[in-house]
Amino acid sequence: MLKSLSGRFLFLTIVFVMLSEVLIFVPSIAQFRADFLIMRIERAQIASLALLADDIISTDLEKELLENADVFNVVLRRDESRELILSSDMPMPVSATFDMRKPGAAVLIRDALARLINPDTEIIRVIGYPKYQAGTLIELTLSTAPLREEMIAFGLRVLLFSAVISIFTGMLLLLVLRQTIVLPIKRVVGQIQAYAHAPEDARRIISPASGISELREAEYALKDMQSQLTSALKQKERLAQLGEAVAKISHDLRNILTTVQLFSDSLGSSADPRVSRLAPKLVTNVARAISLTEGTLAFGKAEEPPPRLSYVQLGDIFEEVMENEQGLCESDDITFKADLPAGMVIRADPEQLHRAITNMVRNARQAIEATSKKGEITLRGYETDIDWLVDVSDSGPGLPEKARRHLFRAFQGRVRTGGTGLGLAISQELIRGHGGVIELLGSDEQGTCFRMRLPKGRLSDKEI
Ligand SMILES: Nc1ncnc2c1ncn2[C@@H]1O[C@H](COP(=O)(O)OP(=O)(O)OP(=O)(O)O)[C@@H](O)[C@H]1O
Ligand SMILES: [Mg+2]
């Protein structure tokens, strides 16, 4: 109950109203006591006036008058003389005197609270101005029992009244809160849930209708967000359909090209010198076209499977990659170097790591070969407390501007003739699958260096 907005609101209203009632309660109980005592003074004076009017008064009548006034005795002070008007026996001595002539608010509050707290019945003396004869002082003694009783009864009435007021106010506020805030919020939540079920359905986009300006602003913001999301989803769907179509076309095209390749191979031995001269070019271009369709198909297979992590000797992977690439070199102009601590072990999917490093080393090799100069490719492995790192650097010509602008973006960064522009994008995807990242550390005419960073921390299934 307290977790809901309405519950909290009701509870807080009751607490706050009670709190303010306590602030009212304290001075009003003090005032109640003062009124009570002044009333007693008035009553005592009326009794004494009866006596003053008639000197001969029977003891019975005196007793009756005192009982009516609810006091033990009454003393009138006039011109410094003290006149005992009415008197009766007191069950105990006077324990305190209260002067009601000009009482301060603080004193009244203090005395009233003290009376409430003290349960013992006492006899007190009260001094005050009589109402009907100015200049005369009146002094009386009385028991505190009826005073305290009435104070308690009054206090209970005030508390009950405050409780009724606070519950009533709370209920009213709650009703208003429900109508103006809770119900509109529930409506918005309902619309969000409906939208979440079918975000591509534009009819489910929220239509702002709240009367509260803050909530309406939120509704408009939500509407914008949902509209953008819905159109992005539609676009994505169209792209997915397009991708599927491209994959199908690539597939068939590759089959056709493979057949063409078979024929073009035999064209080399043609008797026609023009045909046999152009045949090798045709063969190379067909091979390129096949490689492009295969790359597209591979990329179209969407996501790479999650890595199957195991501990691998990084040195072994370096060796294998370098050996393969060396084998593909047309000359001995490129030197391969590995630099890593002996026996360095890292946790990764060996197959995927191999592919990622191969892509980078191959790029470096192709870049150096394109310059027809000597070059060097260095693979460096090392670690920090949190990461394993692999740097692939070369002394090649550096990244062309276009490749740099579209780095790691599939198909877009291709500069090299014959390249598909997929290598770096795939490598990045593989390393991201490990929770890591590939960054370009630097690239200029002296060479290029890429850094692969693999986190050591165990990855949750979700991250993978
Ligand atoms: N070490 C490097 N030195 C110079 N240029 C590079 C280097 N690595 C990448 N590049 C440039 O970046 C481009 C993109 O590389 P990427 O590996 O993504 O595609 P690709 O090599 O063209 O094709 P693919 O690898 O799919 O056959 C390359 O065409 C090349 O121009
Ligand atoms: Mg490449």
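Residues numbered from 1 in each chain as written. Chains lettered and ligands numbered in written order. Predicted model: local features only at pLDDT ≥ 70, side-chain atom pairs only at ≥ 80, totals over all residues. Heavy atoms only, no water.

1. Remarks on the pairing of strand S4 (residues 123-128)
Burial runs high along S4: 5 of the 6 residues are buried. Crossover handedness for the path strand S3 (residues 94-99) to helix H3 (residues 105-117) to S4: right-handed. As judged from the 6 bridges shared by S4 and strand S5 (residues 137-143), these two strands associate in the antiparallel manner. For Gly128, the partnering residue across the bridge sits in S5 and is Ile138. (Buried < 20%, exposed > 50% of the residue type's maximum accessible area, 1.4 Å probe, protein only. Helix = DSSP H or I, 4+ residues; strand = E, 2+ residues; numbered from the N terminus. Right-handed = clockwise from strand over helix to strand, strands pointing away. Pairing = 2+ DSSP bridges.)

2. Some details on the packing of aromatic side chains
Applying the stated criterion to the full structure yields 2 aromatic pairs. Judged by centre distance (4.5 Å) and plane angle (10°), the rings of Phe32 and Phe154 are stacked. In this pair, Phe32 is assigned in helix H1 (residues 5-53) and Phe154 in helix H4 (residues 145-197), connecting sequence segments 122 residues apart. Of the two residues, Phe32 and Phe154, both sit in the buried class. Above the face of the Phe98 ring, Arg33 is positioned so that its terminal group lies 4.9 Å from the ring centre. (Phe/Tyr/Trp six-rings, centres within 6.5 Å; stacked < 30°, edge-to-face > 60°. Lys NZ or Arg CZ within 6 Å of the ring centre and 35° of its normal.)

3. Structural notes on the nonpolar core
In this structure, Ile346, Leu353, Ile357, Val361 and Met452 are the most contacted members of the largest nonpolar core, which totals 38 residues. Elements supplying a minimum of two residues to this core: helix H7 (314-328), strand S7 (334-339), strand S8 (345-348), helix H8 (350-371), strand S9 (375-383), strand S10 (387-394), helix H10 (423-433) and strand S12 (447-455). Broken down by element, this core gets its largest block of residues, 7 residues, from H8. Leave out the neighbours within four places in its chain, and Leu353 touches Val312, Leu314, Ile317, Ile346, Ala348, Ile431, Met452 and Leu454. With 32 residues, the next largest nonpolar core counts Ile41, Val71, Ala112 and Val126 among its residues. (Core = buried A, V, L, I, M, F, W, Y, C linked by side-chain atoms within 4.5 Å. Contact = heavy atoms within 4.5 Å.)

4. Examining the site of ligand 1
Residues in close proximity to ligand 1 total 20 residues, the closest being Asn363, Asp394, Thr420, Leu422 and Leu424. A distance of 2.7 Å is found between an oxygen atom of ligand 1 and a side-chain nitrogen or oxygen belonging to Asn363. If ligand 1 stood free it would expose 600 Å²; the protein chains cover 88% of that surface. If you list the elements that add at least two residues to the shell around ligand 1, you get H8, H10 and S12. (Near = heavy atom within 4 Å. Polar contact = N/O pair within 3.5 Å; in protein donor to acceptor, adjacent residues only side chain to side chain. Areas by Shrake-Rupley, 256 points an atom, 1.4 Å probe, with all protein chains shown as cover.)

5. Section: the confidence of the model for the chain
Averaged over all residues, the pLDDT of the chain equals 85, while 93% of them reach at least 70. Here strand S2 (residues 81-86) is the element of the chain with the lowest mean pLDDT, 72, and S10 is the one with the highest, 97. Here residues 460-464 is a poorly scored stretch, pLDDT under 50, and it has 6 contacts once near neighbours within four places are set aside; other chains count. (pLDDT = per-residue confidence, 0-100.)

6. Examining the state of the cysteines
If you walk through the whole model with that rule in mind, you get 0 disulfides. Distance from the sulfur of Cys329, which forms no disulfide, to the nearest cysteine sulfur (Cys449) is 19 Å. The exposure class of Cys329 is buried, given its relative accessible area of 14%. (Disulfide = S-S within 2.5 Å.)

7. Overview of a negative patch on the surface
A contiguous patch of negative charge, built from Asp316, Glu319, Glu320 and Glu323, is present on the exposed surface. For Glu320, the location among the structural elements is in helix H7. A relative accessible area of 43% means that Glu320 is categorised as partly exposed. (Patch = residues over 30% accessible without salt bridge, like charges linked within 9 Å, V, L, I, M, F, W, Y side chains within 5 Å. Salt bridge = Lys/Arg side-chain N within 4 Å of Asp/Glu carboxyl O. Lys, Arg positive; Asp, Glu negative; His and termini not counted. Charge placed at Lys NZ, Arg CZ, Asp CG, Glu CD.)

8. A closer look at the pattern of salt bridges
Scanning the model with the defined rule gives 21 salt bridges in all. The residue Asp111 makes a salt bridge to Arg33 at a minimum N-O spacing of 3.9 Å. Separated by 78 residues along the polypeptide, Asp111 in helix H3 and Arg33 in helix H1 bring together distant segments of the chain. The same class applies to Asp111 as to Arg33, namely buried. Across the pair Arg453 and Asp387 runs a salt bridge, and its minimum N-O distance is 3.1 Å. Within this pair, whereas Arg453 is found in strand S12, its partner Asp387 is found in strand S10, the two being separated by 66 residues in sequence. Its relative accessible area of 9% is what places Asp387 among the buried residues.

9. Here we look at unusual backbone geometry
Despite not being glycine, Ser372 shows a phi value in the positive range, around 55°. With respect to the helices and strands, Ser372 occurs in the loop between H8 and S9. Residue Ser372 is classed as exposed on the basis of its relative accessible area, which comes to 61%. Despite not being glycine, Phe408 has its phi angle at roughly 65°, a positive value. One can find Phe408 in the loop between helix H9 (401-405) and H10.

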